[in-house]
Amino acid sequence: MTRGAVDRDAATGGRPAAPVIGVGRPPWWLLVLAALVTVGVTANLLSRGWLERLDLRVSEVTSVWALRDSWAYWPIWVVTQIGGRVTILVVLAGLVGWLAVRQRTLVPLVRVVVALALLTTVVYAFKWGTGRTAPAFPGSFFHLDGASYPSGHVANAVLMWGVARWQAVEFGLPPAVQRATWVLSVLGPVATGVAMVALDFHWVTDAVVGLSVGLLLLGVVHGLDALGMSRWVRARVGRSQA
């Protein structure tokens, strides 16, 4: 290793000089689009519009597949757990613990806790507010003790893997870890949503709005951090640009 490389590593605490990927902060136009999708789809469903009929048609197809009763159930179910809260929190606990010890900062922990609190509050407000029944119920109905809309697994995958990617990049974890979190933050929600719909656990619109809500919440957490959440916990953070 050259003297310059040694000096550079010393100055950055042993971290790479530059991130391999961006931190993944959603751009403003994507947040606007996500908000429009959330409002538009919700309004259409509550008015019993064409999106509800689309959901019913897709569910008819997946019901014919009968994947729940086939050998494919467990492999597909495993894919749904990419967006499972337990799966993601186990990974994030390891990440937060590692950074707390190595970087001596509680910033990642604060970000994860804030993201989890927002996710739980907003998603369950939607679920209880709309009361949409799941595809397993005969037909699509609202306010009949339903909790299908939106998909919490998809929203969870977008938000929490997005937070994991953010920490991996900002704190200079190895390139392979940064790329892995990028894959999980981008492809994880898609795989989760497709698997949920294929198993007839969720409607298509549940997955779409879960994606939109997750993006909006990720933008909110980034925004709160930019307003001083990191400084509030008195941590030294070298910021990266998305």
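In case you missed it, the structure is sitting above this.
Numbering of residues begins from 1 in every chain and follows the order in which that chain's sequence is written. Predicted model: local features are reported for residues with pLDDT of at least 70 only, side-chain atom pairs are reported and counted for 80 or more only, and whole-chain, interface and lining totals are derived from all residues. By convention in this description, side-chain values take in all heavy atoms of the structure and omit both hydrogens and water.

Participant: Please explain the nonpolar core as it appears in this structure.
Facilitator: Nonpolar side chains in soluble globular proteins generally cluster together in the buried interior. What we call a nonpolar core is a set of buried Ala, Val, Leu, Ile, Met, Phe, Trp, Tyr and Cys residues that are connected through their side-chain atoms within 4.5 Å. Residue burial is assigned from relative accessible area. The probe radius is 1.4 Å, only protein chains are included, and a residue is buried under 20% of its type maximum, exposed over 50%, and partly exposed in between. Of all hydrophobic cores here, the largest spans 36 residues; its most connected members are Leu-92, Leu-159 and Met-160. By the criteria applied, helices consist of DSSP H or I runs no shorter than four residues and strands consist of E runs no shorter than two, each listed in order from the N terminus. Put simply, the parts of the chain that give this core at least two residues each are helix H2 (28–46), helix H5 (85–102), helix H6 (107–130), helix H7 (152–170) and helix H9 (204–232). Element by element, the count of residues in this core is highest for H7, at 10 residues. When sequence neighbours within four positions are dropped, the list of residues in contact with Met-160 reads Ile-88, Leu-89, Leu-92, Val-112, Ala-115 and Leu-116. Among the nonpolar cores identified, the runner-up in size contains seven residues, and Leu-67, Ala-72, Ile-76 and Ala-198 belong to it. Contact between two residues is taken to exist if any of their heavy atoms lie within 4.5 Å; hydrogens are not considered.

Participant: Help me out: how do you make sense of H5 in this one?
Facilitator: In an α-helix there are 3.6 residues to a turn, and that puts residues three or four apart on one side. Expected span, for any helix, means 1.5 Å times one less than how many residues it has. The end-to-end C-alpha distance of H5 is 25 Å, a good match for the 26 Å that 18 residues give at a rise of 1.5 Å each. By the burial criterion, the buried members of H5 are Ile-88, Leu-92, Leu-95, Val-96 and Leu-99. Within H5, the buried residues cover an arc of 100 degrees as seen down the axis, which keeps them to one side. The exposed set on the far side of H5, more than 90 degrees from its buried face, consists of Val-86, Val-90 and Val-101. Close packing links the buried residues of H5 with H6 and H7. Read the arc as the range of directions from the helix axis to the C-beta atoms.

Participant: Hey, could you run me through a nonpolar patch on the surface in this one?
Facilitator: On the surface, Trp-28, Trp-29, Val-32, Leu-33 and Leu-36 cluster together into a nonpolar patch covering about 610 Å² of accessible area. Examined against the element boundaries, Val-32 turns out to sit in helix H2. The patch calculation keeps residues exceeding 30% relative accessible area without a salt bridge and links them within 9 Å when they carry like charges or within 5 Å when they are nonpolar (Val, Leu, Ile, Met, Phe, Trp, Tyr). Calculation of accessible area relied on Shrake-Rupley with a 1.4 Å probe; when residues are assessed, cover is drawn exclusively from the protein chains displayed. Salt-bridge detection follows one rule: a side-chain nitrogen of Lys or Arg within 4 Å of a carboxyl oxygen of Asp or Glu.

Participant: So what exactly am I meant to see when it comes to the packing of aromatic side chains here?
Facilitator: The description of an aromatic ring pair rests on the distance of the ring centres and on the angle between the ring planes. Between 30 and 60 degrees the pair is tilted, below 30 it is stacked and above 60 it is edge-to-face, where a pair is any two Phe, Tyr or Trp rings, Trp via its six-membered ring, whose centres lie within 6.5 Å. Tallied over the entire structure, the rule returns six aromatic pairs. Ring centres of Tyr-73 and Phe-201 lie 6.4 Å apart, and the angle between their planes is 80 degrees; this geometry places the pair in the edge-to-face category. Of this pair, Tyr-73 sits in helix H4 (residues 73–80) while Phe-201 sits in the loop between helix H8 (175–198) and H9, and the two are 128 residues apart along the sequence. With relative accessibility at 17%, the residue Tyr-73 sits in the buried group. Geometrically, the ring pair formed by Phe-137 and Phe-141 is edge-to-face, given 5.8 Å between the ring centres and 80 degrees between the ring planes. Phe-141 gets classed as partly exposed once you look at its relative accessible area, which sits at 33%. One aromatic cluster is present, formed by Tyr-73, Trp-74, Trp-77 and Phe-201 through successive ring pairs.

Participant: So what exactly am I meant to see when it comes to the pattern of salt bridges here?
Facilitator: Between side chains of opposite charge, a pair can form as their charged atoms come close. Considering all chains together, one arrives at five salt bridges under this definition. Between Asp-55 and Arg-132 there is a salt bridge whose closest N-O contact spans 2.8 Å. Of the two residues, Asp-55 is situated in helix H3 (residues 50–65) and Arg-132 in the loop between H6 and H7; the sequence distance between them amounts to 77 residues. The two residues Asp-55 and Arg-132 agree in class, both being buried.

Participant: Hey, could you run me through the layout of surface pockets in this one?
Facilitator: Gaps between atoms show up when a probe of the same size as a water molecule is rolled over them. Only protein atoms enter the 1 Å grid used here. Points where a 1.4 Å probe fits but cannot escape make up a cavity, open sets with protein on both sides within 12 Å along at least five of seven lines make up a pocket, and a residue lines them when an atom lies within 4 Å of a point. Grid points are joined across faces, edges and corners, and a volume is the space filled by probe spheres set on the points. Estimates place the volume of the largest pocket at around 260 Å³. Lining the largest pocket are 17 residues, and of these Val-158, Arg-165, Ser-185, Val-186 and Leu-215 sit closest to its centre. At the level of secondary structure, the elements contributing two or more residues to the lining of the largest pocket comprise H7, H8 and H9. In terms of residues, the lining of the largest pocket owes the most to one element, H8, which gives five residues. Each residue is assigned to one of three groups, with Ala, Val, Leu, Ile, Met, Phe, Trp, Tyr, Cys and Pro labelled nonpolar, Asp, Glu, Lys and Arg labelled charged, and all others, Gly among them, labelled polar. Looking at the lining of the largest pocket residue by residue, the classes come out as 12 nonpolar, three polar and two charged.

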